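# A closer look at the structure
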Amino acid sequence: MEHTARTRIHPMMAVAAASVTLVSLVGAASIAGLLPSSHATTSPNDAAVPVAAVSAPAPVVAPVPAPEPRRVVEHKTVVHHTYAPPAQVAQIQAPAPAPVAQNSPLGIGIGAVVGGLLGNQVGSGNGRKLATIAGAIGGGYAGNEIAKRNQQQ
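Owing to the predicted nature of the structure, the values given are computational and were not obtained by experimental measurement.

About the criteria used
Residues numbered from 1 in each chain as written. Predicted model: local features only at pLDDT ≥ 70, side-chain atom pairs only at ≥ 80, totals over all residues. Heavy atoms only, no water. Helix = DSSP H or I, 4+ residues; strand = E, 2+ residues; numbered from the N terminus. Buried < 20%, exposed > 50% of the residue type's maximum accessible area, 1.4 Å probe, protein only. Contact = heavy atoms within 4.5 Å. Areas by Shrake-Rupley, 256 points an atom, 1.4 Å probe, with all protein chains shown as cover. Salt bridge = Lys/Arg side-chain N within 4 Å of Asp/Glu carboxyl O. Patch = residues over 30% accessible without salt bridge, like charges linked within 9 Å, V, L, I, M, F, W, Y side chains within 5 Å. Expected span 1.5 Å × (residues − 1). pLDDT = per-residue confidence, 0-100.

Turning our eyes to something else, we now look at the overall build of the protein. Of regular secondary structure, the protein possesses four helices and zero strands. The 153 residues of the protein split such that 11% are buried. Residue pairs in contact within the protein that sit at least 24 positions apart in sequence constitute 68% of those at least 6 positions apart. Carbon and sulfur atoms provide 64% of the accessible area of the protein, an area that totals close to 14500 Å².

Put into structure tokens, the structure is as follows:
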């Protein structure tokens, strides 16, 4: 019997493959709307105060003069006369906009499982693993799109 030397994957390649997989999964989850989004705003009062501004003495402030008295404004009433009734215009109601289809976690899950099973049938070794992952991602996307179309009908 002949024994062939087993080649191992380089650790940097394993790290690179894991990071690409993680970024792809996070991207797919973000596209699918499964990740929460942050819409935080920073008010001017929350900004960091420089240390020099805290330790500096307070500036001398001049007294503010009293506001001037307000003036009374007179308004005139304007009357618009209409002599002929306007022609009746047929009102056409625009159709209500169609509701926007939401992402479907069930559609994503079923599509990912089916895509992973189909991808597992292709290739051998590491190619099979890659095809399984690609099939799961593609199947999740396709399942989500199918679920969206079914919601709209």
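Once that is clear, we can look at the pattern of salt bridges. A full pass over the atoms with the stated rule returns one salt bridge. A salt bridge links Glu145 to Lys148, with the nearest nitrogen and oxygen atoms 3.9 Å apart. Here Lys148 and Glu145 lie together in helix H4 (residues 126–152), a separation of three residues that amounts to about one turn.

One can find Leu25 in helix H1 (residues 11–31). The class of Leu25 is partly exposed, set by a relative accessible area of 48%. Linking Leu25 and Ile137, residues 112 residues apart in sequence, is a C-alpha distance of 7.8 Å.

So, on to a nonpolar patch on the surface. Together, Leu106, Ile110, Val114 and Leu118 line one region of the surface with nonpolar side chains, adding up to about 420 Å² of accessible area. Residue placement: Ile110 occurs in helix H3 (residues 105–120).

This paragraph deals with the side chain of Asn144. On the secondary structure map, Asn144 appears in helix H4. Excluding residues within four positions of it along the chain, Asn144 makes contact with Asn103, Ser104, Gly107 and Ile108.

Here the focus is H1. In this model H1 runs 30 Å from its N-terminal to its C-terminal C-alpha over 21 residues, within 8% of the 30 Å that 1.5 Å per residue would give. Looking at the residues trailing H1, positive phi occurs at Gly33, about 80°.

On average, the protein scores 77 in pLDDT, and the residues at 70 or more come to 78%. H3 holds the highest mean pLDDT among the elements of the protein, 88, whereas helix H2 (residues 51–55) holds the lowest, 49.

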